[in-house]
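# Close look at the chain arrangement
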Amino acid sequence: MADHQIDDPKIAFAYLRPSCVLLTKEPILCNVQALSGHLRAVSDGALQLLQDYVLFPLRFVLKTPGPKREAVIQAAMEAMAYVLENTCIHSWESLRDLFSELCLCLCSPTDPGKPAPASEELKLAVLRCLDALLHSAYGDVVFKLYEPTMLPGLGAAVSLFLALAEQEKAREVQTAALKCLLSLFIQCDCSRTHVEPEEEEKRMLGSALATFLPGITRALSQVIGGDVRQGYAVTVKAMRVWYTTVGLVMEDDQLQNASKDNIDTSELGRVGELVVKRTPSWSKATSKRLTLALQKVISCTSAHQHWRVRLELVNLSDYLLTHCSRSLAECTGPLLEALVGAVNDEEPRVKERCSAVLDEVARKNQANGGQALKDVLSENLHGLASSLPRLMRTTDDKRKLFVLNVFLGYLKILGPQIDLVLTSAAHLQRISKALMQVLELDVSDVRIVEERTFAPLVDLGPESHEAQFQRKYFLYFTDDKIFSALKQICRMLGHFGNLYLLVDHFLDLYKESSAYCKQAALILNEVITGAAGIGIDTEPSRTDNFRINHSKTNLEDLKSAVMSIVEEYISLNNWHLPTVMEHADIEQQEKFKSPISAIMRGHEGNSLHLVPASNIGPRPPTLHQLNSNIWQICIQLEGIGAFALALGTDFCLLLMTSLYPVLEKAGDESLLVSQSALSAMHNLCVACNYSSPKDLVISNADYLLNDVSLNLGRPSVHPHAPRVLAVMFAHSDATLLPLVVDVVQDVLTALDLSYDQRSLQFCTVLHSLMKAMVRWFPSSAEDHIKPPRVPPSQNPEPLDLRQFLLDYKKQKELAEGIGADEEDPSEAELPPVAPGCEDHSGLEEGPDVKPELPVHVSVAKDVMERCVHLLSHPSIGTRLKVLGIVALCVYVLSETKNELLPMVHRCWPALLQRLTNDDPLVIPQAFRVLCVLGETCGDFLRKRVSKEVLPRLTSALLRQAETSARSGQLYAHTLAYKLQLAVLQGLGPLCVRLDLVDSDLDHISEACLPYLSCRQPIAVQEACLSVFRHLMQVDPDACWFTLTELCCLAAYEPPHTSLHPVRLRGMDRQRNEYTDNVLKLLHELQLCEENDTDSRAEK
């Protein structure tokens, strides 16, 4: 725009005249652009006086016959839009003609009812020009468009705009077409000045639009429910046109005075057929049709991903409830449902606007009687509860979430009046059964029952409960937001409803059928949480007149309800549910014989003989039942934790009742159950002011141990008492040990009495005890283990050759029996001292009295004595568990060798059987125990290992070498591979700890050499390299000679001609499968020797 515009009309006319004349003569693009540029140099006042003169050449361009370039028309439209935006139309003829000409520019020449196949830019320019035209119409001029005589032209324009909005792909064109409709209906909400219609003019507009209402609502419903890729702006604009048009036509005031719409149609001819008379019958029929269209609009927009669309739905509900509450009475339910669904919207602006609208609706209804809205909400709630299961089964997750938000919104709006609704048996029954069906869990996943508690319980600290939370999978939905909405619904029921009524009702459902147990428990957990005021939003609106204050649930009532629920949860029938397949172990398989084998064995001649049911035994639970039991126990544990948080420190009164069952489940074999119990323990700590689960267990240890001691004597009624003890060991410290000594003796006694039936369970407890003792007394496992022998090559002192020869001569004479009776005077000076004994000369008891053993050593000794017998148990699981106990006992007893060595001697025969003649699952574990014994006992086991173990291990390694070398990738999953790998990984450290020499090392080297082949599995090669690295520490020279016999690329020349040349078998061999690994080991050995030489040189 020019800096100084022309204000004088005469000067402006002289300035614009050449451009207008030239454009009239030559309607080309450059002339249109020239006129457009000149127009911007003229002020609005002068341009208003010259409006018709300036528009004439631009309109002439549109009327010129023949084909025209789109660029010329588009430029003319932009120039006309500038003129219309800055001037006003005072003449009805000008408005009518311009409106018709512009609409013709959008129509197809062959089919005027359809949009022309023009470019998007041209359509956008024409629509913007039309919008400017409608905004520029001054005074009463624009209302002549809605007279009955203009209905055909108005209908054509409306149809054209709707077609563009519905069929066009460009968002800008769709939005511009919808904006033209808003301007045409005088409902535009832009920032420009608009004509405000009077009452009579609004009635004229509504009467005219009534003719086109079916087409408008249908087309706009298609746009609103169109592809989400069209963008939120198009949807929002279409919704605005939809509800403003419906509001104009169906406005209560207009329909109440419909008699004033009487129009004489006799003079209109065929045009009179288009006139609609808004009679009561027409209004009733139209209301029914609009209800269907409104439901479609709400279903498409209520769960829209963009918040502006959801906000516009709130505006739609507000507009129609305000202007058409009587004429669209049938739409009140869907409109309220849309508002209620937005009460819990995640966008604060939507929620705030919805709350304000609901406040206004509530005030108006109260002014009209106060009870109408409550009745509507109650009936809607009842209807929604009835259809909730069907909607959960048939709709997608977005629609489900909206439906639940609507349900929750009803509860929030009703507030304390929920109590009155729930007193109706029909409402309560509908709501409860709907929640039961919706919350049905999917228990078909096999992974639920397969998950086992392998991680040590002590590793699950107090802060790990969040990581252990297991997501629940439901039958009818997958979105976590849906589950959150359901929990909010249950909490609102608990917060505003009658707590006793709800608890009694859902406890009855809990007891009624096993199919309802899990859902009823979930609901009860959330009801108590809501009754305590935890995790709920109680202020969706600010209407003080509609919602009365609701006091918090009485604490005594809450405690009473929690007590009744907890008692039901931990009852024997609901708590001791099977979570794993029973009778899986060997002793149980022998106990329950197969009925089929009994038939074949005892009645071969009569295959139809029936076996009594009492002989068959109980049927094992199915996978579905086990999964269901696991989830039920998890939900009940979550409930106990939630109840603790709800009551806070008042839950301490229930702690003695609930802590023991929770600890019982913390030791469950099912991972989900164990994790849920640990999470409940954390909640108990938070509620009862304990710093950690360890503090919780230690503070209540005396009560817990008393229950454990009593229940150990009643294994048939309380079979899981050992689990409680195991969890206590995992979550405590050494201060617990003096308290549990007697209980441990009870466990050992019970183990002796139930050797066949429950040995694995008691061994699990003893394993937990020994693991805890290793943790409580770390010095036992760290300070008394023999350090590895320092390799000779790493000794910084030079070799004394003379002393070496003298020692060699002496050892040779002793071996031949020469001088065996002579005593070394240096040794005779020192009296012999028993291993592990210290100087007790100051004690009066004498040398034969043993000092009192520490408590943990005494307990470990008693436990290991039982292991001597249990190592030969027929159950593989028990043998594996006992081997783990033996290893832990050895660590604890390592500080008292005089107690350890006799126990090792007693265990050796059974351990040897496990090493040499047992299941492939057991042998690797037995070998690990042997490695632990080698670390702690050392020389005591050297001869036993050398004579009884090594020959069998080396022969087994030699036999398996060829098999593993020819194997494929699947071999890594076999038991043979795992045994092979375990032996190779432990053999090297065992050689160092036992200080094996000579022939033993030769046998080990010979057995391990085949595993240096590159054809062996990678892990096996690495384990074999580890063996040779340890052999280098024990005897590097022998190791070097063994390796060079296999492969030697270097030549060793004698330093003098009188010496014979060194010839090794590996020198003449070509590169083979062993070369890479052998050279790697020789290189490491050479580096080690060079480092030793450098260290000696420095010293």
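Residues numbered from 1 in each chain as written. Predicted model: local features only at pLDDT ≥ 70, side-chain atom pairs only at ≥ 80, totals over all residues. Heavy atoms only, no water.

## Observations regarding a negative patch on the surface
Negative charge collects at one region of the surface, where Glu70, Glu120, Glu121 and Glu172 lie side by side. Relative to the helices and strands, Glu120 is located in helix 7 (residues 120–136). On the accessibility criterion, Glu120 (41% relative accessible area) is partly exposed. (Patch = residues over 30% accessible without salt bridge, like charges linked within 9 Å, V, L, I, M, F, W, Y side chains within 5 Å. Areas by Shrake-Rupley, 256 points an atom, 1.4 Å probe, with all protein chains shown as cover. Salt bridge = Lys/Arg side-chain N within 4 Å of Asp/Glu carboxyl O. Lys, Arg positive; Asp, Glu negative; His and termini not counted. Charge placed at Lys NZ, Arg CZ, Asp CG, Glu CD. Helix = DSSP H or I, 4+ residues; strand = E, 2+ residues; numbered from the N terminus. Buried < 20%, exposed > 50% of the residue type's maximum accessible area, 1.4 Å probe, protein only.)

## So, the nonpolar core
In terms of nonpolar packing, the biggest core is built from 342 residues, with Trp242 and Leu320 touching the most fellow members. No other element matches helix 30 (residues 623–647), which puts twelve residues into this core. Leave out the neighbours within four places in its chain, and Leu320 touches Trp242, Tyr243, Val246, Gly247, Leu294, Ser325, Leu328 and Leu335. (Core = buried A, V, L, I, M, F, W, Y, C linked by side-chain atoms within 4.5 Å. Contact = heavy atoms within 4.5 Å.)

## What to know about the confidence of the model for the protein
Residues at a pLDDT of 70 or more form 84% of the protein, whose mean pLDDT is 80. Note that residues 540–551 has pLDDT below 50 and, in this model, 28 contacts with residues that lie over four places away or in other chains. A low-confidence stretch, residues 783–796 (pLDDT under 50), is modelled with 29 contacts involving residues beyond four sequence positions or located in other chains. (pLDDT = per-residue confidence, 0-100.)

## Some remarks on the packing of helix 37 (residues 759–776) against helix 42 (residues 876–893)
Close contact between helix 37 and helix 42 brings their axes to 9 Å; oriented N to C, the two are set at 25 degrees. On the basis of the axis angle, helix 37 is roughly parallel to helix 42. Handedness of the helix 37/helix 42 crossing: left-handed. Contacts from Ser759, Leu760, Cys763, Thr764, Leu766, His767, Met770, Lys771, Met773 and Val774 in helix 37 reach Gly877, Thr878, Lys881, Val882, Gly884, Ile885, Leu888, Cys889, Tyr891 and Val892 in helix 42. Residues belonging to the contact of helix 37 with helix 42 are distributed by class as follows: twelve nonpolar, six polar and two charged. (Axes fitted to C-alpha atoms, helices over the stretch in contact; angles between N-to-C directions. Parallel < 35°, antiparallel > 145°, perpendicular 65-115°, else oblique. Left-handed = near helix turned anticlockwise from the far one by under 90°. Nonpolar A, V, L, I, M, F, W, Y, C, P; charged D, E, K, R; others polar.)

## With respect to the environment of Ala561
Along the chain, Ala561 turns up in helix 25 (residues 555–569). Apart from residues lying up to four places away in sequence, Ala561 is in contact with Leu499, Val503 and Ile528.

## A look at the packing of aromatic side chains
Going through the model one piece at a time under the given rule, you end up with nine aromatic pairs. Taken together, a centroid distance of 4.7 Å and an interplanar angle of 20 degrees make the contact between Phe474 and Phe477 stacked. With respect to class, Phe474 is no different from Phe477; both count as buried. By way of ring pairs, the aromatic residues Phe474, Phe477 and Phe483 are connected into one cluster. The side chain of Arg40 reaches across the aromatic face of Tyr82, ending 4.4 Å from its centre. The aromatic ring of Trp307 is capped on one face by Arg349, whose charged end is 4.0 Å from the ring centroid. (Phe/Tyr/Trp six-rings, centres within 6.5 Å; stacked < 30°, edge-to-face > 60°. Lys NZ or Arg CZ within 6 Å of the ring centre and 35° of its normal.)

## Looking at the state of the cysteines
Inspection of the entire model under this criterion finds zero disulfides. In this model Cys763 remains outside any disulfide bridge; the closest cysteine sulfur is found in Cys867, 6.8 Å from its own. (Disulfide = S-S within 2.5 Å.)

## What about the environment of Leu316?
Its location among the elements puts Leu316 in helix 14 (residues 307–323). Setting aside chain neighbours within four positions, we find Leu316 in contact with Met239, Trp242, Tyr243, Leu294, Val297 and Leu335.

## What to know about the pattern of salt bridges
Following the criterion strictly, the structure yields 27 salt bridges and no others. Residue Asp345 pairs with Arg310 through a salt bridge whose shortest N-O separation is 2.5 Å. Separated by 35 residues along the polypeptide, Asp345 in the loop between helix 15 (332–342) and helix 16 (348–367) and Arg310 in helix 14 bring together distant segments of the chain. Judged on exposure class, the residue Asp345 and its partner Arg310 are both buried. A salt bridge links Arg723 to Asp668; the shortest N-O distance between them is 2.9 Å. Here Arg723, found in helix 35 (residues 721–730), pairs with Asp668, found in the loop between helix 31 (652–666) and helix 32 (671–687); they are 55 residues apart in sequence, far enough to count as distant.

## Let's talk about the side chain of Gln636
Turning to its location among the elements, Gln636 is positioned in helix 30. For Gln636, a relative accessible area of 0% corresponds to the buried category. Setting aside anything within four residues of it in sequence, one finds Gln636 in contact with Tyr510, Tyr569, Asn574 and Trp575.

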